[in-house]
Amino acid sequence: MAITSLDPGPGAAALQAWGGQMAAFGSNETVVDKVLPDMLHLIDAHWHQFPPMNPLWHGLLGFVIGVLGFISVTGNGMVVYIFTTTKSLKTPSNILVVNLAFSDFLMMFMMAPPMVINCYNETWVFGPLACQLYACAGSLYGCVSIWTMTMIAFDRYNVIVKGIAAKPMTINGALLRVFFIWAFSLAWTVAPLFGWGRYVPEGNMTACGTDYFDQSISNMTYILLYSIACYYAPLFLIIYSYFFIVQAVAAHEKAMREQAKKMNVASLRSSDQANTSAECKLAKVALMTISLWFMAWTPYLVINYAGIFKTMTISPLVTIWGSVFAKANAVYNPIVYGISHPKYRAALYARFPGLSCQSAPEDTGSVASAATATEEKPSA
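Rules behind the numbers
For every chain, the first residue of its written sequence is number 1, and the numbers climb from 1 along that sequence. Residues qualify for local features only when their pLDDT is at least 70, as the model is predicted, and side-chain atom pairs are given and counted only at 80 or more; totals for whole chains, interfaces and linings, by contrast, use all residues. Think of the side-chain values as coming from all heavy atoms in the structure, minus any hydrogens and water. Secondary structure elements are taken from DSSP: a helix is a run of H or I of four residues or more, a strand is a run of E of two residues or more, and numbering for both begins at the N terminus. Per-residue accessibility, obtained with a 1.4 Å probe over protein chains only, is compared with the maximum for each type, and a residue is labelled buried under 20%, exposed over 50%, and partly exposed between these values. Here, two residues are considered to be in contact whenever any of their heavy atoms come within 4.5 Å of each other. Only the protein chains shown count as covering a residue, and every accessible area follows the Shrake-Rupley method with a 1.4 Å probe. Here is the rule: rings of Phe, Tyr and Trp (six-membered ring for Trp) pair when centre to centre is within 6.5 Å. Planes less than 30 degrees apart are stacked, more than 60 are edge-to-face, and the remainder are tilted. Definition used for salt bridges: Asp or Glu carboxyl oxygen within 4 Å of a side-chain nitrogen of Lys or Arg. UniProt positions are given in the numbering used here, feature names are shortened, and annotations may be inferred rather than shown by experiment. What makes a nonpolar core is a set of buried Ala, Val, Leu, Ile, Met, Phe, Trp, Tyr and Cys residues whose side-chain atoms join them at distances within 4.5 Å. Note on geometry: axes are C-alpha line fits, over the in-contact stretch for helices, and angles between N-to-C directions span 0 to 180 degrees. Each helix crossing is assigned a hand: it is left-handed if the near helix lies turned anticlockwise from the far helix by less than a right angle, otherwise right-handed if that turn is clockwise. In this classification, Asp, Glu, Lys and Arg are treated as charged, Ala, Val, Leu, Ile, Met, Phe, Trp, Tyr, Cys and Pro as nonpolar, and every other residue, Gly included, as polar. For a helix, the expected span equals 1.5 Å multiplied by the residue count minus one. Orientation labels follow simple angle bins: below 35 degrees gives roughly parallel, above 145 gives roughly antiparallel, 65 to 115 gives roughly perpendicular, and whatever is left gives oblique. The arc refers to the directions leading from the helix axis to the C-beta atoms. Counting rule for disulfides: a pair of cysteine sulfur atoms within 2.5 Å.

Novice: Kindly report on the overall build of the protein chain, identifying the contributing residues and their values.
Specialist: A tally of regular secondary structure across the protein chain gives 10 helices and 2 strands. Order of helices (α) and strands (β) in the protein chain, N terminus to C terminus: α-α-α-α-α-β-β-α-α-α-α-α. Looking at the 380 residues of the protein chain, the share that counts as buried comes to 48%. Here the contacts in the protein chain between residues at least 6 apart in sequence split such that 78% fall between residues at least 24 apart. Counting only carbon and sulfur atoms, one obtains 69% of the accessible surface of the protein chain, whose full area is about 19200 Å².

Novice: Kindly report on the packing of aromatic side chains, identifying the contributing residues and their values.
Specialist: Applying the stated criterion to the full structure yields 24 aromatic pairs. Between W57 and W321 the ring centres are 6.1 Å apart and the planes differ by 85°, which places this aromatic pair in the edge-to-face class. With W57 in helix α2 (residues 55-85) and W321 in helix α8 (residues 316-339), this residue pair connects regions lying 264 residues apart in the sequence. For W321, a relative accessible area of 40% gives the class partly exposed.

Novice: Pulling in residues and values, what's your account of the pattern of salt bridges?
Specialist: The tally for this structure, following the rule as stated, stands at 2 salt bridges. K34 serves as the salt-bridge partner of E122, at 2.7 Å between the closest nitrogen and oxygen. One end of the pair, E122, is in the loop between α3 (92-121) and α4 (128-161); the other, K34, is in the loop between α1 (9-25) and α2, with 88 residues separating them in the sequence. For E122, a relative accessible area of 16% corresponds to the buried category. R198 is the salt-bridge partner of D211, the closest N and O atoms lying 2.9 Å from each other. On the criterion of sequence distance, the pair formed by D211 in the loop between β2 (208-210) and α6 (217-262) and R198 in the loop between α5 (171-189) and β1 (199-201) is long-range, its members being 13 residues apart. D211 gets classed as buried once you look at its relative accessible area, which sits at 1%. Owing to a relative accessible area of 29%, R198 belongs among the partly exposed residues under this scheme.

Novice: Got a sec to walk through the UniProt feature "transmembrane region" (unreviewed entry) in the protein chain? Specific residues and values, please.
Specialist: The UniProt feature table records "transmembrane region" (unreviewed entry) at residues 60-83, 95-112, 132-154, 174-196, 223-251 and 285-307. Secondary structure across residues 95-112 divides into 100% helix and 0% strand, with the first and last C-alpha atoms of the span separated by 25 Å. In this annotation, residues 132-154 is assigned 100% helix and 0% strand; the end-to-end C-alpha distance for the span is 33 Å.

Novice: Could you give an account of the nonpolar core, with specific residues and numbers?
Specialist: In terms of nonpolar packing, the biggest core is built from 94 residues, with W47, Y212 and W297 touching the most fellow members. With 17 residues, the single largest contributor to this core is α4. Not counting chain neighbours up to four residues away, the residues in contact with W47 comprise V31, V32, P201, G203, M205, Y212, F213, I314, S315, P316 and T319.

Novice: So what about the side chain of N99? Which residues, and what values?
Specialist: Position of N99 relative to the elements: it lies in helix α3. Excluding its chain neighbours within four sequence positions, the residues that come into contact with N99 are V144, T148, V178, I181 and W182.

Novice: Can you break down the packing of α4 against α5 residue by residue, with the values?
Specialist: A packed helix pair is summarised by two numbers, namely the angle formed by the two axes and the spacing between the axes. Two numbers describe how α4 lies on α5: the axes approach to 9 Å, and their chain directions differ by 145°. Remark: the crossing between α4 and α5 carries right-handed chirality. Note on element contacts: α5 touches α4 through R177, F180, I181, W182, F184, S185, L186 and T189, opposite C136, S139, L140, Y141, C143, V144, W147, T148 and M151. Its residues assigned to classes, the contact of α4 with α5 comprises 12 nonpolar, 4 polar and 1 charged.

Novice: Could you give an account of unusual backbone geometry, naming the residues involved and the relevant values?
Specialist: For E122, which is not a glycine, the phi torsion comes out positive at approximately 65°. Although it is not a glycine, K310 adopts a positive phi angle of roughly 55°.

Novice: Describe α3, listing the residues and the values that go with them.
Specialist: Between its terminal C-alpha atoms α3 stretches 45 Å, which fits the 44 Å expected from 30 residues at 1.5 Å a residue. Summarising burial for α3: 21 of the 30 residues are buried, a large majority. The first or second residue beyond α3 is E122, which carries a positive phi of 65°.

Novice: Describe the packing of α3 against α4, with residues and values.
Specialist: At their nearest, the axes of α3 and α4 sit 9 Å apart, and the two run at 160° to each other. Judged by the angle between their axes, α3 and α4 are roughly antiparallel. Crossing of α3 over α4 shows left-handed handedness. Residue composition of the contact of α3 with α4, by class: 16 nonpolar, 7 polar and 2 charged.

Novice: I'd love a proper account of α5, names of residues and values included.
Specialist: Here α5 spans 27 Å end to end across 19 residues, near enough to the 27 Å set by a 1.5 Å rise per residue. Among all positions of α5, only G173, A174, V178, I181, S185, W188 and T189 are buried. Projected down its long axis, α5 shows its buried positions confined to an angular sector of 140°, all on one face. In α5, the exposed positions angled more than 90 degrees off the buried face are occupied by N172, L176, F179 and A187. Looking at the buried side of α5, the elements it contacts are α3, α4, β1 and α6.

Novice: Explain the state of the cysteines to me, and be specific about the residues and the numbers.
Specialist: What makes a disulfide is a covalent bond joining the sulfur atoms belonging to two cysteines. Taken as a whole, this structure holds 2 disulfides when the rule is applied. The disulfide partner of C131 is C208, and the gap between their sulfur atoms is 2.0 Å. What sets the handedness of the C131 and C208 disulfide is the S-S torsion sign, and at about -120° it is left-handed. On the criterion of sequence distance, the pair formed by C131 in helix α4 and C208 in strand β2 is long-range, its members being 77 residues apart. When its relative accessible area of 0% is taken as the criterion, C131 is described as buried. Through a disulfide, C143 is tied to C230; the S-S separation comes to 2.3 Å.

As structure tokens, this is what we get:
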């Protein structure tokens with residue numbers, strides 16, 4: 001009689017392990033069960049009602065954050081390197097662009113690796129102090145990024161709207177603005193470390209952020225005032241600046257067309273390479289900037305407001321989107337403020353020829369660098 005082996009083999013063992021994990025996912029366990037004991041005091045009772053997230057979500061989140069981190073660190077690193085080592089790009093206006101890229105570089109360089117590790121472990125594994133510092137860093141770099149975009153908008157407003165009457169920004173002026181941005185942002189983001197507001201793990205337990213379930217006056221006032229200081233105020237100022245920039249450029253284009261008509265010429269410009277008018281280009285870039293900014297931070301703001309005002313049920317899966325969209329902001333900022341800069345493209349192709357998809361990069365002009373171009377060519 002043949003003796004049949006009772007060993008199920010490695011394939012069956014793996015299947016049993018996966019089945020056990022899926023059984024836990026469908027059982028009475030909660031998303032909090034994997035949280036380490038020293039983190040439990042930071043977990044709000046709200047999260048105890050949700051089952052563990054499907055491991056596939058953790059895997060997908062870790063993969064996406066890893067890819068975004070690589071793109072952001074590489075892209076922003078190139079922006080900082082090119083702008084700081086190319087003589088023609090060392091202008092006061094571009095100091096703000098470098099600050100934006102540096103902030104976005106730090107965000108993903110410091111925040112993507114811990115989150116990937118936590119996604120692999122399906123919970124926060126670095127302890128309470130690291131959770132506080134992680135959340136503080138995320139808020140700091142996000143606020144620095146937002147206010148740097150605001151200062152860039154101010155610089156363009158000063159050069160384009162005021163024209164020759166504007167006082168040009170100096171190197172010292174740009175550095176002073178950078179110092180103000182970091183000091184202002186730091187003051188707001190370290191406040192929870194000293195008792196005004198609180199940083200806690202997010203619902204997916206792999207990242208940390210503001211506590212939007214604490215209904216205390218201290219915590220609610222912090223979230224509301226912080227949203228005004230680092231969301232509504234810069235948003236209003238950016239829209240204000242671009243509104244008058246578009247208006248000024250449209251008026252300038254109209255005046256040039258009328259003058260050309262009086263002189264019986266097609267155009268006063270030396271080269272009209274595109275049919276699209278300058279004001280339309282400017283409006284598109286302004287719309288892109290503000291739209292991407294909205295896309296990045298509005299989901300996180302909605303989650304915070306939904307928590308403190310109890311307007312919707314926040315699940316662990318919902319909190320994933322706040323983390324992904326906010327961190328994605330660090331990826332496309334260098335595209336808007338760096339790649340669209342013609343001199344940056346030329347320097348990039350010169351240093352890394354393999355990145356060029358054409359034999360000679362064409363200088364089609366960049367509305368994103370309108371302030372710099374106007375400074376360099378005041379007679380234009």
